[in-house]
Every structure is written in C-alpha cells, then in structure tokens.
Amino acid sequence: MISSTLLAAAASVPPTPVWTPTVGIIISLSSLLVLLLSTRIEKPLVGPKLPILPVSIPTFIGAMAFGHVIGIGIVLGLTNIGRL
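I will try to describe carefully the structure that is included in this document. (Residues numbered from 1 in each chain as written. Predicted model: local features only at pLDDT ≥ 70, side-chain atom pairs only at ≥ 80, totals over all residues. Heavy atoms only, no water.)

**Description of helix α3 (residues 57-80)**
In this model α3 runs 34 Å from its N-terminal to its C-terminal C-alpha over 24 residues, within 8% of the 34 Å that 1.5 Å per residue would give. Within the span of α3, buried status applies to T59, A63, G67, G71, V75 and T79. If you follow the buried residues of α3, they end up packed against α2 (21-38). Two residues or fewer after α3 comes G82, characterised by a positive phi angle close to 85 degrees. (Helix = DSSP H or I, 4+ residues; strand = E, 2+ residues; numbered from the N terminus. Expected span 1.5 Å × (residues − 1). Buried < 20%, exposed > 50% of the residue type's maximum accessible area, 1.4 Å probe, protein only. Contact = heavy atoms within 4.5 Å.)

Dropping the structure here:
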C-alpha cells in the first residue's frame, strides 16, 4: 500500500538539479544577503555575540537557515523555468 502510494507520487515529482558550483554560489549569496539584512532587525545582539560580525549567534544561525531556504527556492524556481 505505502509503496504504491510512493510510486504514484514519484511520477509527479519534477526533476531537481544536481549540485553544481552554480547552485552553491546561489545558496551562498542568498545566505549572505539574508545575513546582511539580519543586521537591520530590532535586536540582533540578543544572546552570545560573534567576535567579528555585528550579530549574535542565534541571529547568525537563523539567518543562515533562512538564507538556505531562500536559496533552495531560487534554485528550484530557476530549474523549473529552465534557466539552471
């Protein structure tokens, strides 16, 4: 039962790109952009501070996670329209 459901769903899954340096650059740039935007939040320095960056460790981790989500969305969108 479960395997037939998975096989039916597998037929409708669009192709996803393999990892290339272009994919890595897109995700890195989106993570960097979100990190730069995270310095504009109301309280970016709540919690333990990073020695070099003007953000705290929780802000850094959250920005990197959200940057990866945005980057994955960009990569999948570009793959869907045939640009990647």
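Moving on, there is more to tell.
**Thoughts on the environment of V46**
The residue V46 is located in the loop between α2 and α3 in this model. Through-space distance from the C-alpha of V46 to that of T59 is 8.1 Å; in sequence the pair is 13 residues apart. Contacts of V46, omitting those with residues within four sequence positions, involve S56 and P58.

**What about the side chain of T79?**
Secondary-structure assignment places T79 in helix α3. Beyond its immediate chain neighbours, meaning those up to four positions away, T79 contacts P15, P17 and L84.

**Digging into the environment of S4**
One can find S4 in helix α1 (residues 2-10). Measuring from C-alpha to C-alpha, the distance between S4 and W19 comes to 29 Å, with 15 residues separating the pair along the chain.

**As for the packing of α2 against α3**
Where α2 contacts α3, the axes come no closer than 7 Å and their chain directions differ by 140 degrees. Here α3 runs oblique to α2, going by the angle between their axes. Two packed elements cross with a definite hand, and for α2 against α3 that hand is right-handed. Tallied by class, the residues present in the contact of α2 with α3 amount to 14 nonpolar, seven polar and no charged. (Axes fitted to C-alpha atoms, helices over the stretch in contact; angles between N-to-C directions. Parallel < 35°, antiparallel > 145°, perpendicular 65-115°, else oblique. Left-handed = near helix turned anticlockwise from the far one by under 90°. Nonpolar A, V, L, I, M, F, W, Y, C, P; charged D, E, K, R; others polar.)

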